[in-house]
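Per-entry structural report
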Amino acid sequence: MKAWGGRFEKETAAVMDDFHSSIHFDCRLAEEDIRGSIAHARMLGDCGIIGVDEAGQLIRGLQTILERVRAGAVSWDPKAEDIHMNVEKLLVAEVGEVGKKLHTARSRNDQVALDTRLYLRREIYHLQGLIGELIEILLERAEAEQATILPGYTHLQRAQPVLLGHHLLAYFEMFRRDYQRLDDCLKRTVLSPLGCGALAGTGFPIDRDRVARELGLAGVTGNSLDGVSDRDFAAEFIFDASLVMMHLSRCCEELVLWSSMEFQFVEMDDAYSTGSSIMPQKKNPDVAELVRGKTGRVYGDLMAILTMMKGLPLAYNKDMQEDKEALFDAVDTVVGSLSIFNPMVKTLRFNRDRMLAATRDGFLNATDLADYLAAKGLPFREAHAVVGRLVQYGIKHGKRLEDLSLEEFKEASELIAADIYETLDMTRVVKVRNSAGGTAPEQVREQLERARAWFATL
Ligand code: ARG
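Under the annotation held in an unreviewed UniProt entry, the protein carries the name Argininosuccinate lyase and is attributed to Hydrogenispora ethanolica. Its UniProt record, at the heading Catalytic activity (unreviewed entry), says of the protein: "2-(N(omega)-L-arginino)succinate = fumarate + L-arginine". Note on the protein: under the UniProt heading Pathway (unreviewed entry), the record states "Amino-acid biosynthesis; L-arginine biosynthesis; L-arginine from L-ornithine and carbamoyl phosphate: step 3/3."

Right, here's the structure in full:
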(Lines give C-alpha, C1' and ligand atoms only; values in the text may rest on other atoms or scores of the structure.)
Protein backbone atom coordinates (compact mmCIF):
# COMPACT_ATOMS: atom_id res chain seq x y z
CA MET A 1 0.00 0.00 0.00
CA LYS A 2 1.18 3.52 -0.88
CA ALA A 3 2.03 5.94 1.90
CA TRP A 4 -0.86 8.07 0.61
CA GLY A 5 -3.08 5.06 -0.20
CA GLY A 6 -5.74 5.68 2.46
CA ARG A 7 -8.29 7.44 0.28
CA PHE A 8 -7.87 5.09 -2.67
CA GLU A 9 -9.81 1.94 -3.42
CA LYS A 10 -7.52 0.52 -6.06
CA GLU A 11 -3.80 0.02 -6.55
CA THR A 12 -2.08 2.33 -9.07
CA ALA A 13 -1.46 0.80 -12.49
CA ALA A 14 2.06 -0.54 -12.96
CA VAL A 15 2.59 1.79 -15.89
CA MET A 16 1.64 4.68 -13.62
CA ASP A 17 4.28 3.67 -11.08
CA ASP A 18 6.90 3.65 -13.82
CA PHE A 19 5.72 6.94 -15.21
CA HIS A 20 5.69 9.08 -12.11
CA SER A 21 8.41 7.42 -10.10
CA SER A 22 11.51 9.60 -9.86
CA ILE A 23 13.72 7.44 -7.68
CA HIS A 24 15.97 6.44 -10.59
CA PHE A 25 17.23 10.02 -10.76
CA ASP A 26 16.39 11.68 -7.45
CA CYS A 27 18.30 8.98 -5.54
CA ARG A 28 21.14 11.43 -6.18
CA LEU A 29 19.58 13.55 -3.43
CA ALA A 30 19.80 10.76 -0.84
CA GLU A 31 22.43 12.38 1.32
CA GLU A 32 20.74 15.77 1.33
CA ASP A 33 17.38 14.19 2.00
CA ILE A 34 18.68 12.36 5.04
CA ARG A 35 20.54 15.38 6.41
CA GLY A 36 17.42 17.48 6.02
CA SER A 37 15.40 14.82 7.82
CA ILE A 38 17.89 14.64 10.68
CA ALA A 39 17.64 18.41 11.17
CA HIS A 40 13.85 18.22 10.95
CA ALA A 41 13.64 15.34 13.47
CA ARG A 42 15.88 17.16 15.94
CA MET A 43 13.75 20.28 15.67
CA LEU A 44 10.55 18.24 16.19
CA GLY A 45 12.01 16.86 19.39
CA ASP A 46 13.42 20.17 20.64
CA CYS A 47 10.12 21.96 20.01
CA GLY A 48 8.16 19.30 21.87
CA ILE A 49 6.24 18.21 18.78
CA ILE A 50 7.46 14.65 19.28
CA GLY A 51 9.27 13.17 22.25
CA VAL A 52 13.00 13.89 22.56
CA ASP A 53 13.64 10.15 22.83
CA GLU A 54 11.57 9.59 19.68
CA ALA A 55 13.58 12.24 17.87
CA GLY A 56 16.74 10.45 19.08
CA GLN A 57 15.52 7.16 17.59
CA LEU A 58 14.71 8.85 14.28
CA ILE A 59 18.10 10.55 14.14
CA ARG A 60 20.03 7.38 14.92
CA GLY A 61 17.99 5.46 12.36
CA LEU A 62 18.62 8.12 9.71
CA GLN A 63 22.34 8.10 10.49
CA THR A 64 22.45 4.35 10.00
CA ILE A 65 20.69 4.72 6.66
CA LEU A 66 23.11 7.47 5.65
CA GLU A 67 26.04 5.16 6.34
CA ARG A 68 24.43 2.41 4.30
CA VAL A 69 23.77 4.81 1.44
CA ARG A 70 27.40 5.92 1.50
CA ALA A 71 28.54 2.31 1.48
CA GLY A 72 26.32 1.67 -1.55
CA ALA A 73 24.40 -0.89 0.49
CA VAL A 74 20.90 0.42 -0.23
CA SER A 75 18.68 -0.63 -3.10
CA TRP A 76 15.90 1.78 -4.01
CA ASP A 77 12.33 0.71 -4.52
CA PRO A 78 10.60 2.19 -7.57
CA LYS A 79 7.23 1.42 -5.98
CA ALA A 80 8.08 3.94 -3.28
CA GLU A 81 8.13 6.68 -5.93
CA ASP A 82 10.88 9.02 -4.91
CA ILE A 83 13.84 9.50 -2.61
CA HIS A 84 11.73 10.97 0.17
CA MET A 85 9.37 8.00 0.40
CA ASN A 86 12.24 5.58 -0.03
CA VAL A 87 14.16 7.01 2.88
CA GLU A 88 11.03 7.02 5.03
CA LYS A 89 10.37 3.40 4.14
CA LEU A 90 13.93 2.44 5.06
CA LEU A 91 13.56 4.37 8.30
CA VAL A 92 10.38 2.56 9.33
CA ALA A 93 12.11 -0.73 8.55
CA GLU A 94 15.04 0.39 10.69
CA VAL A 95 13.37 1.92 13.74
CA GLY A 96 9.79 0.62 13.54
CA GLU A 97 6.53 2.54 14.03
CA VAL A 98 8.21 5.67 15.40
CA GLY A 99 9.65 6.19 11.93
CA LYS A 100 6.18 7.20 10.83
CA LYS A 101 6.42 10.33 13.00
CA LEU A 102 9.21 11.86 10.90
CA HIS A 103 6.86 13.44 8.39
CA THR A 104 5.04 15.48 11.06
CA ALA A 105 4.83 19.17 10.10
CA ARG A 106 6.41 18.50 6.75
CA SER A 107 5.39 17.89 3.15
CA ARG A 108 7.37 16.42 0.33
CA ASN A 109 6.89 19.80 -1.32
CA ASP A 110 9.04 21.69 1.15
CA GLN A 111 11.27 18.63 1.55
CA VAL A 112 12.18 18.35 -2.13
CA ALA A 113 12.79 22.09 -2.39
CA LEU A 114 15.19 21.82 0.55
CA ASP A 115 16.99 18.76 -0.87
CA THR A 116 17.48 20.43 -4.23
CA ARG A 117 18.90 23.54 -2.61
CA LEU A 118 21.30 21.54 -0.43
CA TYR A 119 22.42 19.54 -3.45
CA LEU A 120 22.94 22.66 -5.52
CA ARG A 121 24.96 24.33 -2.78
CA ARG A 122 27.35 21.38 -2.84
CA GLU A 123 27.61 21.45 -6.63
CA ILE A 124 28.14 25.21 -6.78
CA TYR A 125 31.17 24.79 -4.51
CA HIS A 126 32.36 21.90 -6.64
CA LEU A 127 32.00 23.93 -9.84
CA GLN A 128 33.67 26.97 -8.32
CA GLY A 129 36.59 24.75 -7.34
CA LEU A 130 36.99 23.65 -10.95
CA ILE A 131 36.70 27.21 -12.26
CA GLY A 132 39.31 28.26 -9.70
CA GLU A 133 41.59 25.51 -10.97
CA LEU A 134 41.13 26.73 -14.55
CA ILE A 135 41.82 30.31 -13.53
CA GLU A 136 45.06 29.21 -11.90
CA ILE A 137 46.10 27.42 -15.09
CA LEU A 138 45.22 30.45 -17.23
CA LEU A 139 47.21 32.78 -14.98
CA GLU A 140 50.24 30.50 -15.05
CA ARG A 141 50.15 30.22 -18.80
CA ALA A 142 49.54 33.95 -19.28
CA GLU A 143 52.53 34.67 -17.06
CA ALA A 144 54.76 32.58 -19.34
CA GLU A 145 53.39 34.13 -22.54
CA GLN A 146 53.85 37.82 -21.81
CA ALA A 147 56.28 38.23 -24.69
CA THR A 148 54.52 35.97 -27.21
CA ILE A 149 53.01 37.95 -30.07
CA LEU A 150 50.22 36.55 -32.22
CA PRO A 151 47.65 38.06 -34.57
CA GLY A 152 44.52 39.34 -32.92
CA TYR A 153 41.43 38.84 -35.07
CA THR A 154 38.13 40.51 -35.76
CA HIS A 155 35.74 38.76 -38.15
CA LEU A 156 38.41 36.03 -38.05
CA GLN A 157 40.54 38.34 -40.22
CA ARG A 158 43.96 39.35 -38.96
CA ALA A 159 43.52 42.71 -37.28
CA GLN A 160 46.26 43.84 -34.89
CA PRO A 161 48.96 41.93 -33.06
CA VAL A 162 48.35 41.12 -29.39
CA LEU A 163 50.24 39.31 -26.67
CA LEU A 164 49.22 35.73 -26.03
CA GLY A 165 49.22 36.57 -22.32
CA HIS A 166 46.63 39.25 -23.08
CA HIS A 167 44.52 36.78 -25.04
CA LEU A 168 44.61 34.26 -22.18
CA LEU A 169 43.70 36.95 -19.67
CA ALA A 170 40.57 37.70 -21.71
CA TYR A 171 39.44 34.18 -20.78
CA PHE A 172 40.41 34.83 -17.19
CA GLU A 173 37.92 37.74 -17.16
CA MET A 174 35.14 35.49 -18.47
CA PHE A 175 35.74 32.76 -15.93
CA ARG A 176 36.07 35.24 -13.11
CA ARG A 177 32.62 36.58 -13.98
CA ASP A 178 31.34 33.01 -14.01
CA TYR A 179 32.80 32.43 -10.57
CA GLN A 180 31.19 35.60 -9.25
CA ARG A 181 27.85 34.77 -10.84
CA LEU A 182 27.89 31.48 -8.94
CA ASP A 183 28.60 33.36 -5.70
CA ASP A 184 25.50 35.37 -6.40
CA CYS A 185 23.41 32.32 -7.24
CA LEU A 186 24.58 30.77 -3.99
CA LYS A 187 23.04 33.63 -2.00
CA ARG A 188 19.58 32.78 -3.29
CA THR A 189 20.17 29.03 -3.01
CA VAL A 190 21.16 28.76 0.65
CA LEU A 191 17.72 29.45 2.15
CA SER A 192 15.60 26.83 3.84
CA PRO A 193 12.07 26.23 2.53
CA LEU A 194 11.43 23.62 5.22
CA GLY A 195 8.37 24.59 7.22
CA CYS A 196 6.46 25.86 4.19
CA GLY A 197 4.61 22.57 4.43
CA ALA A 198 2.60 21.57 1.42
CA LEU A 199 1.93 25.21 0.57
CA ALA A 200 0.40 27.11 3.50
CA GLY A 201 2.78 26.51 6.39
CA THR A 202 1.90 24.35 9.40
CA GLY A 203 -0.04 24.57 12.65
CA PHE A 204 2.70 22.84 14.63
CA PRO A 205 5.00 25.09 16.68
CA ILE A 206 8.04 24.48 14.48
CA ASP A 207 11.30 26.46 14.48
CA ARG A 208 12.34 27.04 10.89
CA ASP A 209 15.45 29.05 11.76
CA ARG A 210 16.79 26.27 13.91
CA VAL A 211 16.57 23.80 11.02
CA ALA A 212 18.22 26.31 8.68
CA ARG A 213 21.05 26.89 11.15
CA GLU A 214 21.67 23.18 11.66
CA LEU A 215 21.97 22.77 7.90
CA GLY A 216 24.36 25.72 7.61
CA LEU A 217 21.87 27.74 5.58
CA ALA A 218 21.75 31.52 5.69
CA GLY A 219 18.06 31.84 6.53
CA VAL A 220 14.55 30.75 5.61
CA THR A 221 12.36 31.55 2.61
CA GLY A 222 9.81 34.27 3.28
CA ASN A 223 6.52 33.04 1.81
CA SER A 224 5.30 29.47 2.03
CA LEU A 225 3.57 29.46 -1.37
CA ASP A 226 6.73 30.76 -3.02
CA GLY A 227 8.98 28.56 -0.89
CA VAL A 228 7.55 25.32 -2.28
CA SER A 229 7.15 26.52 -5.86
CA ASP A 230 10.30 28.56 -6.41
CA ARG A 231 12.85 26.99 -8.75
CA ASP A 232 14.52 30.28 -9.70
CA PHE A 233 17.73 29.17 -8.02
CA ALA A 234 17.90 26.09 -10.25
CA ALA A 235 17.12 28.05 -13.44
CA GLU A 236 19.65 30.66 -12.41
CA PHE A 237 22.27 28.02 -11.85
CA ILE A 238 21.65 26.44 -15.25
CA PHE A 239 21.96 29.86 -16.84
CA ASP A 240 25.26 30.37 -15.02
CA ALA A 241 26.36 26.94 -16.20
CA SER A 242 25.31 27.89 -19.73
CA LEU A 243 27.61 30.88 -19.66
CA VAL A 244 30.50 28.75 -18.36
CA MET A 245 29.84 26.39 -21.26
CA MET A 246 29.64 29.29 -23.71
CA HIS A 247 33.02 30.54 -22.55
CA LEU A 248 34.52 27.06 -22.71
CA SER A 249 33.00 26.59 -26.14
CA ARG A 250 34.47 29.81 -27.52
CA CYS A 251 37.88 28.82 -26.25
CA CYS A 252 37.41 25.33 -27.71
CA GLU A 253 36.49 26.82 -31.07
CA GLU A 254 39.76 28.75 -31.04
CA LEU A 255 41.70 25.66 -30.07
CA VAL A 256 40.12 23.68 -32.90
CA LEU A 257 41.14 26.42 -35.33
CA TRP A 258 44.55 26.91 -33.77
CA SER A 259 45.43 23.24 -33.90
CA SER A 260 44.60 23.03 -37.62
CA MET A 261 47.36 22.78 -40.23
CA GLU A 262 46.25 26.23 -41.43
CA PHE A 263 47.05 27.89 -38.10
CA GLN A 264 49.42 25.53 -36.27
CA PHE A 265 49.39 27.87 -33.27
CA VAL A 266 48.94 25.06 -30.73
CA GLU A 267 49.47 21.38 -30.35
CA MET A 268 47.37 19.36 -27.95
CA ASP A 269 49.06 16.84 -25.73
CA ASP A 270 48.64 13.29 -27.02
CA ALA A 271 46.81 12.41 -23.81
CA TYR A 272 43.94 14.73 -24.81
CA SER A 273 43.80 13.99 -28.55
CA THR A 274 42.48 11.18 -30.68
CA GLY A 275 43.31 9.62 -34.01
CA SER A 276 41.33 8.40 -37.00
CA SER A 277 40.30 4.82 -37.64
CA ILE A 278 41.19 5.20 -41.32
CA MET A 279 43.62 8.11 -41.77
CA PRO A 280 46.84 7.23 -39.96
CA GLN A 281 48.19 10.79 -39.96
CA LYS A 282 45.27 12.35 -38.07
CA LYS A 283 45.44 13.98 -34.67
CA ASN A 284 42.03 15.34 -33.78
CA PRO A 285 41.04 17.88 -31.11
CA ASP A 286 38.11 15.76 -29.91
CA VAL A 287 38.02 17.19 -26.40
CA ALA A 288 37.59 20.73 -27.65
CA GLU A 289 34.94 19.63 -30.13
CA LEU A 290 33.02 17.63 -27.54
CA VAL A 291 32.99 20.47 -25.03
CA ARG A 292 31.78 22.78 -27.82
CA GLY A 293 29.11 20.22 -28.68
CA LYS A 294 27.99 19.65 -25.11
CA THR A 295 27.33 23.36 -24.67
CA GLY A 296 24.05 22.87 -26.52
CA ARG A 297 22.90 20.28 -23.97
CA VAL A 298 23.16 22.78 -21.15
CA TYR A 299 21.29 25.42 -23.16
CA GLY A 300 18.65 22.72 -23.68
CA ASP A 301 18.49 22.13 -19.92
CA LEU A 302 17.95 25.86 -19.41
CA MET A 303 15.12 25.96 -21.93
CA ALA A 304 13.61 22.85 -20.35
CA ILE A 305 13.39 24.31 -16.85
CA LEU A 306 12.22 27.75 -17.99
CA THR A 307 9.51 26.22 -20.15
CA MET A 308 8.51 23.74 -17.46
CA MET A 309 7.95 26.59 -14.97
CA LYS A 310 6.29 29.17 -17.17
CA GLY A 311 2.70 27.97 -16.99
CA LEU A 312 2.53 26.73 -13.41
CA PRO A 313 -0.08 28.14 -11.09
CA LEU A 314 0.88 28.39 -7.43
CA ALA A 315 2.01 26.42 -5.60
CA TYR A 316 3.64 23.00 -6.11
CA ASN A 317 2.80 21.06 -9.29
CA LYS A 318 4.15 17.68 -10.26
CA ASP A 319 5.62 19.22 -13.42
CA MET A 320 8.33 20.46 -11.09
CA GLN A 321 9.70 16.96 -10.68
CA GLU A 322 11.11 17.59 -14.15
CA ASP A 323 13.51 20.19 -12.74
CA LYS A 324 15.90 17.54 -11.49
CA GLU A 325 17.05 15.82 -14.63
CA ALA A 326 17.69 19.20 -16.27
CA LEU A 327 19.63 20.38 -13.25
CA PHE A 328 21.61 17.15 -12.87
CA ASP A 329 22.45 17.07 -16.56
CA ALA A 330 23.66 20.68 -16.47
CA VAL A 331 25.80 19.90 -13.41
CA ASP A 332 27.25 16.73 -14.93
CA THR A 333 27.97 18.39 -18.25
CA VAL A 334 29.68 21.49 -16.94
CA VAL A 335 31.62 19.57 -14.28
CA GLY A 336 32.63 16.90 -16.79
CA SER A 337 33.67 19.50 -19.36
CA LEU A 338 35.85 21.47 -16.96
CA SER A 339 37.41 18.30 -15.59
CA ILE A 340 38.89 17.55 -19.01
CA PHE A 341 39.25 21.09 -20.31
CA ASN A 342 41.56 22.06 -17.44
CA PRO A 343 44.28 19.47 -18.01
CA MET A 344 43.96 19.95 -21.77
CA VAL A 345 44.77 23.66 -21.41
CA LYS A 346 47.48 22.95 -18.88
CA THR A 347 49.29 20.62 -21.28
CA LEU A 348 48.78 22.55 -24.54
CA ARG A 349 51.94 23.49 -26.42
CA PHE A 350 51.98 26.99 -27.88
CA ASN A 351 53.88 27.40 -31.13
CA ARG A 352 55.38 30.83 -30.54
CA ASP A 353 57.28 30.96 -33.83
CA ARG A 354 54.19 30.23 -35.88
CA MET A 355 52.23 32.84 -33.98
CA LEU A 356 54.84 35.53 -34.56
CA ALA A 357 55.27 34.54 -38.21
CA ALA A 358 51.53 34.91 -38.72
CA THR A 359 51.70 38.56 -37.70
CA ARG A 360 53.99 39.29 -40.66
CA ASP A 361 51.31 38.92 -43.33
CA GLY A 362 48.00 40.68 -43.38
CA PHE A 363 49.06 44.31 -42.75
CA LEU A 364 48.50 44.09 -39.00
CA ASN A 365 50.45 47.34 -38.58
CA ALA A 366 48.28 49.36 -40.98
CA THR A 367 46.46 51.07 -38.09
CA ASP A 368 49.84 52.17 -36.74
CA LEU A 369 50.73 53.86 -40.01
CA ALA A 370 47.38 55.68 -39.92
CA ASP A 371 47.98 56.63 -36.27
CA TYR A 372 51.45 57.89 -37.27
CA LEU A 373 49.92 60.24 -39.85
CA ALA A 374 47.15 61.32 -37.49
CA ALA A 375 49.77 62.16 -34.85
CA LYS A 376 51.39 64.41 -37.45
CA GLY A 377 48.15 66.33 -37.82
CA LEU A 378 46.43 64.60 -40.73
CA PRO A 379 42.75 64.00 -39.78
CA PHE A 380 42.38 60.29 -38.99
CA ARG A 381 39.81 59.69 -41.73
CA GLU A 382 42.25 61.00 -44.33
CA ALA A 383 45.12 59.06 -42.80
CA HIS A 384 42.93 55.94 -43.04
CA ALA A 385 42.38 56.57 -46.76
CA VAL A 386 46.10 57.13 -47.42
CA VAL A 387 47.01 53.87 -45.70
CA GLY A 388 44.18 52.06 -47.49
CA ARG A 389 45.77 53.03 -50.78
CA LEU A 390 49.20 51.90 -49.55
CA VAL A 391 47.76 48.54 -48.51
CA GLN A 392 46.18 48.16 -51.92
CA TYR A 393 49.57 49.02 -53.49
CA GLY A 394 51.26 46.47 -51.25
CA ILE A 395 48.79 43.73 -52.19
CA LYS A 396 49.36 44.46 -55.90
CA HIS A 397 53.14 44.41 -55.63
CA GLY A 398 53.44 41.63 -53.08
CA LYS A 399 54.98 43.92 -50.45
CA ARG A 400 54.37 44.39 -46.76
CA LEU A 401 54.18 47.98 -45.49
CA GLU A 402 57.63 47.67 -43.92
CA ASP A 403 59.01 46.53 -47.31
CA LEU A 404 58.03 49.80 -49.03
CA SER A 405 60.81 52.28 -49.76
CA LEU A 406 60.74 55.77 -48.30
CA GLU A 407 60.10 57.08 -51.83
CA GLU A 408 57.04 54.86 -52.16
CA PHE A 409 55.83 56.11 -48.78
CA LYS A 410 56.47 59.74 -49.69
CA GLU A 411 54.46 59.34 -52.84
CA ALA A 412 51.48 58.47 -50.66
CA SER A 413 52.13 61.19 -48.10
CA GLU A 414 54.90 63.73 -47.60
CA LEU A 415 54.33 63.41 -43.84
CA ILE A 416 56.00 59.99 -43.77
CA ALA A 417 59.68 60.08 -42.72
CA ALA A 418 62.42 57.51 -42.07
CA ASP A 419 61.17 56.84 -38.52
CA ILE A 420 58.18 55.02 -40.07
CA TYR A 421 60.09 51.73 -40.06
CA GLU A 422 60.35 51.54 -36.29
CA THR A 423 56.68 52.52 -36.08
CA LEU A 424 55.78 49.47 -38.13
CA ASP A 425 57.83 47.00 -36.10
CA MET A 426 55.45 44.41 -34.55
CA THR A 427 57.03 44.54 -31.11
CA ARG A 428 56.52 48.27 -31.06
CA VAL A 429 53.01 47.96 -32.44
CA VAL A 430 52.16 45.89 -29.38
CA LYS A 431 54.14 48.03 -26.97
CA VAL A 432 52.44 51.33 -27.84
CA ARG A 433 48.94 50.01 -27.00
CA ASN A 434 49.44 51.07 -23.44
CA SER A 435 45.94 52.29 -22.68
CA ALA A 436 44.37 50.75 -19.56
CA GLY A 437 43.56 47.11 -20.26
CA GLY A 438 45.44 47.23 -23.59
CA THR A 439 47.87 44.68 -24.98
CA ALA A 440 51.14 46.50 -24.15
CA PRO A 441 53.43 44.35 -21.97
CA GLU A 442 53.12 46.86 -19.14
CA GLN A 443 49.32 46.61 -19.23
CA VAL A 444 49.37 42.83 -19.43
CA ARG A 445 51.69 42.70 -16.42
CA GLU A 446 49.28 44.90 -14.49
CA GLN A 447 46.28 42.81 -15.54
CA LEU A 448 48.13 39.76 -14.36
CA GLU A 449 48.95 41.35 -11.02
CA ARG A 450 45.35 42.42 -10.48
CA ALA A 451 44.17 38.95 -11.47
CA ARG A 452 46.53 37.32 -8.99
CA ALA A 453 45.48 39.70 -6.23
CA TRP A 454 41.83 38.79 -6.84
CA PHE A 455 42.62 35.08 -7.00
CA ALA A 456 44.39 35.30 -3.63
CA THR A 457 41.13 36.52 -2.03
CA LEU A 458 39.25 33.31 -2.92
N1 ARG B 1 9.29 13.65 -6.37
C2 ARG B 1 8.65 14.92 -6.19
C3 ARG B 1 9.42 15.99 -6.95
O4 ARG B 1 10.50 15.75 -7.31
C5 ARG B 1 8.61 15.25 -4.76
C6 ARG B 1 7.48 16.13 -4.34
C7 ARG B 1 6.20 15.43 -4.55
N8 ARG B 1 5.13 16.09 -3.94
C9 ARG B 1 3.88 15.69 -4.20
N10 ARG B 1 2.95 16.27 -3.56
N11 ARG B 1 3.64 14.78 -5.08
O12 ARG B 1 8.94 17.08 -7.17
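Moving on from the model shown.
To continue, consider the overall build of the protein. When helices and strands are counted, the protein shows 19 helices and six strands. Relative to the globule expectation of 23 Å for 458 residues, the C-alpha radius of gyration of the protein, 31 Å, shows a markedly less compact shape. Across its three principal axes, the protein shows a C-alpha extent of roughly 100 × 50 × 40 Å. A total of 458 residues make up the protein; the buried ones form 38% of that total.

Quick look at the UniProt feature "domain: Argininosuccinate lyase C-terminal" (unreviewed entry) in the protein now. Cross-referencing UniProt, the feature "domain: Argininosuccinate lyase C-terminal" (unreviewed entry) maps to residues 363-431 in the present numbering. End C-alpha to end C-alpha, residues 363-431 measures 17 Å, and it is 67% helix and 0% strand.

Take the site of the ligand next. Residues in contact with the ligand, as listed here, are S22, D26, D82, R108, N109, V112, K318, M320 and Q321. Here the shell around the ligand is composed, by residue class, of two nonpolar, three polar and four charged. The two domains that each donate at least three residues to the shell around the ligand are domain 1 (13-104) and domain 2 (109-146 + 163-357).

This paragraph deals with unusual backbone geometry. Leaving glycine aside, a negative phi is the common case for residues, and trans is the common case for peptide bonds. For the bond running from L314 to A315, omega is 0 degrees, close enough to zero to count as cis. Its location among the elements puts A315 in the loop between α11 (286-310) and α12 (323-347). In this structure, A105 is a non-glycine residue whose phi angle is positive, near 60 degrees. Locating A105 in the fold gives a position in the loop between α5 (83-95) and α6 (108-144). Classification of A105 as buried rests on a count of 21 C-beta atoms within 10 Å.

Here we take up the UniProt feature "domain: Fumarate lyase N-terminal" (unreviewed entry) in the protein. Summarizing the sequence annotation, UniProt attributes the feature "domain: Fumarate lyase N-terminal" (unreviewed entry) to residues 6-300 in the numbering used throughout. The straight-line gap between the two end C-alpha atoms of residues 6-300 is 40 Å; of that span, 60% is helix and 6% is strand.

Before going further, it helps to spend a moment on the packing of α6 against helix α10 (residues 232-258). The geometry of α6 relative to α10 is characterised by a closest axis approach of 10 Å and an angle of 25 degrees between their N-to-C directions. Judged by the angle between their axes, α6 and α10 are roughly parallel. Handedness of the crossing formed by α6 with α10: left-handed. The residues of α10 that touch α6, namely those facing T116, R117, L120 and I124, are F233, A234 and F237. Here the residues of the contact of α6 with α10 sort into five nonpolar, one polar and one charged.

Our next topic: the nonpolar core. With 93 residues, the main nonpolar core has I238 and V334 as its most contacted residues. Of the residues forming this core, the biggest block, 14 residues, is contributed by α6. Other than its neighbours up to four places away in sequence, V334 contacts L127, A241, V244, M245 and V298.

Attention now goes to the confidence of the model for the protein. Taken as a whole, the protein shows an average pLDDT of 97; of its residues, 100% reach a score of 70 or greater. Taken over the whole predicted complex, pTM reads 0.96, whereas the ipTM for its chain interfaces reads 0.96.

Let us now look at the packing of helix α14 (residues 366-375) against helix α15 (residues 380-397). Remark: α14 packs on α15, axes separated minimally by 8 Å, with the N-to-C direction vectors making an angle of 135 degrees. Accordingly, the angle class assigned to the pair α14 and α15 is oblique. The two elements α14 and α15 meet at a crossing, and its hand is right-handed. Where α14 approaches α15, its residues A366, L369, A370, L373 and A374 are matched on the opposing element by F380, A383, H384, V386, V387 and V391. Within the contact of α14 with α15, the residues separate by chemical class into ten nonpolar, one polar and no charged.

Turning to the pairing of strand β2 (residues 157-163), a few remarks are in order. Summarising the sheet, strand β1 (residues 149-154) and β2 pair through six bridges and their orientation is antiparallel. Pairing of Y153 across the sheet is with R158, part of β2. Hairpin remark: β1 followed by β2, antiparallel, with two residues in the connecting loop; positive phi at H155, about 60 degrees.

With that settled, consider the environment of I305. When you line up the elements, I305 lands in helix α11. Take I305: there are 25 C-beta atoms within 10 Å of it, and that puts it in the buried class. Beyond its immediate sequence surroundings of up to four residues, I305 is in contact with R231, A234, A235, I238, D323 and A326.

Here R360 lies in the loop between α13 (352-358) and α14. Given 15 C-beta atoms within a 10 Å radius, R360 is considered partly exposed. Distance from R360 to V334, taken between C-alpha atoms, is 38 Å for residues 26 residues apart in sequence.

About the thresholds
Residues numbered from 1 in each chain as written. Predicted model: local features only at pLDDT ≥ 70, side-chain atom pairs only at ≥ 80, totals over all residues. UniProt positions renumbered as here; feature names shortened; annotations may be inferred. Helix = DSSP H or I, 4+ residues; strand = E, 2+ residues; numbered from the N terminus. Rg over C-alpha atoms; globule rule 2.2 N^0.38 Å. Buried ≥ 20, exposed ≤ 12 C-beta atoms within 10 Å, placed from the backbone. Near = placed C-beta within 6 Å. Nonpolar A, V, L, I, M, F, W, Y, C, P; charged D, E, K, R; others polar. Domains from an automatic or database assignment. Axes fitted to C-alpha atoms, helices over the stretch in contact; angles between N-to-C directions. Parallel < 35°, antiparallel > 145°, perpendicular 65-115°, else oblique. Left-handed = near helix turned anticlockwise from the far one by under 90°. Contact = placed C-beta atoms within 7 Å. Core = buried A, V, L, I, M, F, W, Y, C linked by C-beta atoms within 7 Å. pLDDT = per-residue confidence, 0-100. Pairing = 2+ DSSP bridges.

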